[in-house]
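# Remarks on the overall topology
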Amino acid sequence: MIELTLAEVAAAAGGELAGDPSAVVTGAVRTDSRALAAGDLFVALPGERVDGADFLPAAAAAGAAGALATRPAPGLPVVVVPDPVEALGRLAGAVHRRLVDGGLVTVGITGSSGKTSTKDLLGQVLAAAGPTVSPEGSFNNDIGLPLTVLSAGTGTRSLVLEMGARGPGHIARLCRIARPDIGVVLNVGSAHLGEFGSAEVIAASKGELVEALPAEGTAVLNADDPRVIGMAPRTAARVVTTGLGADADVRAVDVDLDDAARARFTLVAGGEQHPVALQVVGAHHVANALSAAAAALAAGMTPGAVAAALSAAGPRSRWRMEVSRRADGVTVVNDAYNANPESMRAALAALTRLPGRRRIAVLGAMGELGTGAEAEHTRLGRDVVRAGVDLLVSVGADAVGLHTGALAERSAGDGGGQEDGALDSVQHVPDREAALQLLTAELGADDVVLVKASRSYGLEQLAADLLADGQAS
Ligand SMILES: Nc1ncnc2c1ncn2[C@@H]1O[C@H](COP(=O)(O)OP(=O)(O)OP(=O)(O)O)[C@@H](O)[C@H]1O
Ligand SMILES: [Mg+2]
């Protein structure tokens, strides 16, 4: 964080200071007391199981300069606030306004799928033009976003913020903490449909980002998603469109996948054309890359520099289409960070483009889909068979709809004839352990295995076990 006295922190966060007002925060703002170093500011969050305020003595022992907490503590200046999360947001807002006065450009990214992927691409592109803050991972809520803002310093030129929402008003709140100059809306899908209730409400909520933009700002809208381009009338900012169509301001032509399922295309923007060869896996990254390109152009980069930086950008955050090859020739694609119907289809499309003996999809359930969950799973199960996947292993009781759908599609197709002695191509297992057992027995050289489910099912562990398995054999 920029250097602030505890008195300044108290004024910004709206709290009562108990302790030395002249103590100075010289380090970072952290919520994990175990990570604290001398000069840091500790934000003691009230948790479900533990109360961060219990760790104020540990923060003092670690040499923290002070804390934001619900109660004072001996030996440590504490800004006492009723709600540390809200106070963190206020502090970040005040710091952000100071950085903006110093010329900081802020990009906000929202959408149902691909926020982290796009943030990672854009962070690397903007870093080619100047100091950029765009942390690894998915810091997109009312804790992660202010922490990201507070990790920027006076030398930071560009700040890339991921903005997530689980309901109306969430994005507007994040934009009040740090109003973006450039707002990117990727897509409106069915992530968190259960909480939102309908796709219309999701669209209305994601659109809060473009409503927050200033008139001199830029809204980057995906013209290939009708609900996203439909947000254009809701912004005072200049609208830049992205997509595959001829009308998009920033578009991709001649899109092709190489034999590692990485996209290559020609970036057309500002009357120029430049080749791009992405390092990240899956055709869905073309849309993410176009959004990142449009944001970087709005931030002042040239099309040539953007294309070169996109081509050099690698995967940054874990468990998103992470492709690893075992010593025995089995390829494991770990996309287990999260799952919704759109990202499942994107991952399956990439799987079927990867060369191999057999393409195997090991899929757990998609969470938070609300009342349509069962139908979504059945539909996806059908699509897995249609996509030509050689073996589907659905994992866990919540994923049984995938199995049902796949069986239905297969019997509607060729009747499901199975070669004698071969494993049935549609399998359901109760849990991760059973999946590992089945796959350990089944996998052979040149098989490609996609592992994906919603975060709460923890299938990244299965991917790790599969890789460890290969090392052992
Ligand atoms: N443009 C896209 N369209 C569809 N699926 C995508 C797209 N970009 C990424 N994905 C898929 O969505 C999954 C999540 O990607 P990513 O982490 O970038 O999204 P996110 O929006 O940050 O998710 P979260 O809401 O969990 O933070 C990945 O596993 C990837 O396969
Ligand atoms: Mg994310």
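Look a little higher up for the structure.
As a starting point, this report considers the structure included with it. Everything quoted here is computed from the prediction, not taken from an experiment.

Turning our attention to the overall build of the protein chain. Across its full length, the protein chain holds 17 helices and 22 strands. C-alpha atoms of the protein chain, sized along the principal axes, occupy 80 × 55 × 40 Å. Counting across all 473 residues of the protein chain, residues that qualify as buried make up 53%. Of all intrachain contacts in the protein chain linking residues separated by at least 6 positions in sequence, the fraction that spans at least 24 positions is 63%. By element, 51% of the accessible surface of the protein chain is carried by carbon and sulfur atoms, the whole surface being about 18,900 Å². Between the centroid of the 38 positive side chains of the protein chain and the centroid of its 54 negative side chains there is a distance of 2 Å.

Our focus in this paragraph is the nonpolar core. Of all hydrophobic cores here, the largest spans 52 residues; its most connected members are M1, V9 and L91. By residue number, the principal contributor to this core is helix α3 (residues 84-101), which donates six residues. When residues of this core are assigned to domains, at least three fall in each of domain 1 (4-83) and domain 2 (102-312). In this structure, L121, V184, A292 and A295 belong to the second largest nonpolar core, which totals 36 residues.

So, about the pattern of salt bridges. For the structure shown, the criterion picks out 27 salt bridges. In this structure, the salt-bridge partner of R318 is E322, at a minimum N-O distance of 2.6 Å. Accessibility expressed as a relative area gives 52% for R318, which makes it exposed. Overall, the relative accessible area of 22% leaves E322 in the partly exposed class. Salt bridges sharing partners connect three or more residues here, namely R345, R382, D383, R386 and E409.

Now for the sheet that holds strand β5 (residues 41-43). Strand pairs in the sheet, formed through backbone hydrogen bonds, run parallel or antiparallel to each other. Pairing is mixed in the open sheet, where five strands are placed in the order β2-β7-β6-β5-β4. Lying at the two open borders of the sheet, with one neighbouring strand each, are β2 (16-18) and β4 (29-30). As paired strands, strand β6 (residues 66-69) and strand β7 (residues 78-80) are joined by three bridges and run parallel to one another. By the bridge assignment for β7, L68 is matched with V79.

Moving on, we come to the site of ligand 1. K115, S117, R320, D335 and N338 are the nearest of the 19 residues found near ligand 1. In the environment of ligand 1, an oxygen atom lies 2.8 Å from a nitrogen or oxygen atom belonging to the backbone of T116. Between ligand 1 and N338, the relevant distance is 2.7 Å, taken from an oxygen atom to a side-chain nitrogen or oxygen of the residue. Computed on the free molecule, ligand 1 has an accessible area of 630 Å², of which 92% lies beneath the protein chains in the complex. Ranked by the residues each element gives to the shell around ligand 1, the list is headed by helix α4 (residues 115-127), at three residues. Of the residues in the shell around ligand 1, the class split is two nonpolar, 12 polar and five charged. Both domains that furnish three or more residues to the shell around ligand 1 are identified here as domain 2 (102-312) and domain 3 (322-472).

This part is about the coordination of the magnesium ion (ligand 2). Around the magnesium ion (ligand 2), the protein supplies T116 (OG1), S138 (OG) and E162 (OE) as donor atoms, at distances of 2.1 to 2.2 Å. Linear spacing of the donor residues for the magnesium ion (ligand 2) on their chain is T-x21-S-x23-E. Of this pair, S138 sits in the loop between β9 (132-133) and α5 (144-150) while E162 sits in strand β10 (residues 158-162), and the two are 24 residues apart along the sequence. By relative accessible area, which is 4% here, E162 ends up buried.

For the rest of this paragraph, the subject is the packing of aromatic side chains. Scanning all chains against the criterion turns up zero aromatic pairs. In this structure, R320 is placed above the aromatic ring of Y337, and the distance from its NZ or CZ to the ring centre is 3.6 Å.

The angle between the axes and the distance between the axes are what describe a pair of packed helices. Two numbers describe how helix α1 (residues 6-13) lies on α3: the axes approach to 7 Å, and their chain directions differ by 105°. On the basis of the axis angle, α1 is roughly perpendicular to α3. Counting all contacts with α1, which are made through E8, V9, A12 and A13, the residues of α3 involved are A87, R90, L91, A94 and R98. Along the lines of polarity and charge, the residues of the contact of α1 with α3 split into six nonpolar, no polar and three charged.

Conventions used here
Residues numbered from 1 in each chain as written. Chains lettered and ligands numbered in written order. Predicted model: local features only at pLDDT ≥ 70, side-chain atom pairs only at ≥ 80, totals over all residues. Heavy atoms only, no water. Helix = DSSP H or I, 4+ residues; strand = E, 2+ residues; numbered from the N terminus. Buried < 20%, exposed > 50% of the residue type's maximum accessible area, 1.4 Å probe, protein only. Contact = heavy atoms within 4.5 Å. Areas by Shrake-Rupley, 256 points an atom, 1.4 Å probe, with all protein chains shown as cover. Lys, Arg positive; Asp, Glu negative; His and termini not counted. Charge placed at Lys NZ, Arg CZ, Asp CG, Glu CD. Core = buried A, V, L, I, M, F, W, Y, C linked by side-chain atoms within 4.5 Å. Domains from an automatic or database assignment. Salt bridge = Lys/Arg side-chain N within 4 Å of Asp/Glu carboxyl O. Pairing = 2+ DSSP bridges. Near = heavy atom within 4 Å. Polar contact = N/O pair within 3.5 Å; in protein donor to acceptor, adjacent residues only side chain to side chain. Nonpolar A, V, L, I, M, F, W, Y, C, P; charged D, E, K, R; others polar. Donors = N, O, S within 2.8 Å, 3.2 Å for Na, K, Ca; no water. Phe/Tyr/Trp six-rings, centres within 6.5 Å; stacked < 30°, edge-to-face > 60°. Lys NZ or Arg CZ within 6 Å of the ring centre and 35° of its normal. Axes fitted to C-alpha atoms, helices over the stretch in contact; angles between N-to-C directions. Parallel < 35°, antiparallel > 145°, perpendicular 65-115°, else oblique.

These results come straight from atomic positions and should not be treated as a statement about function.
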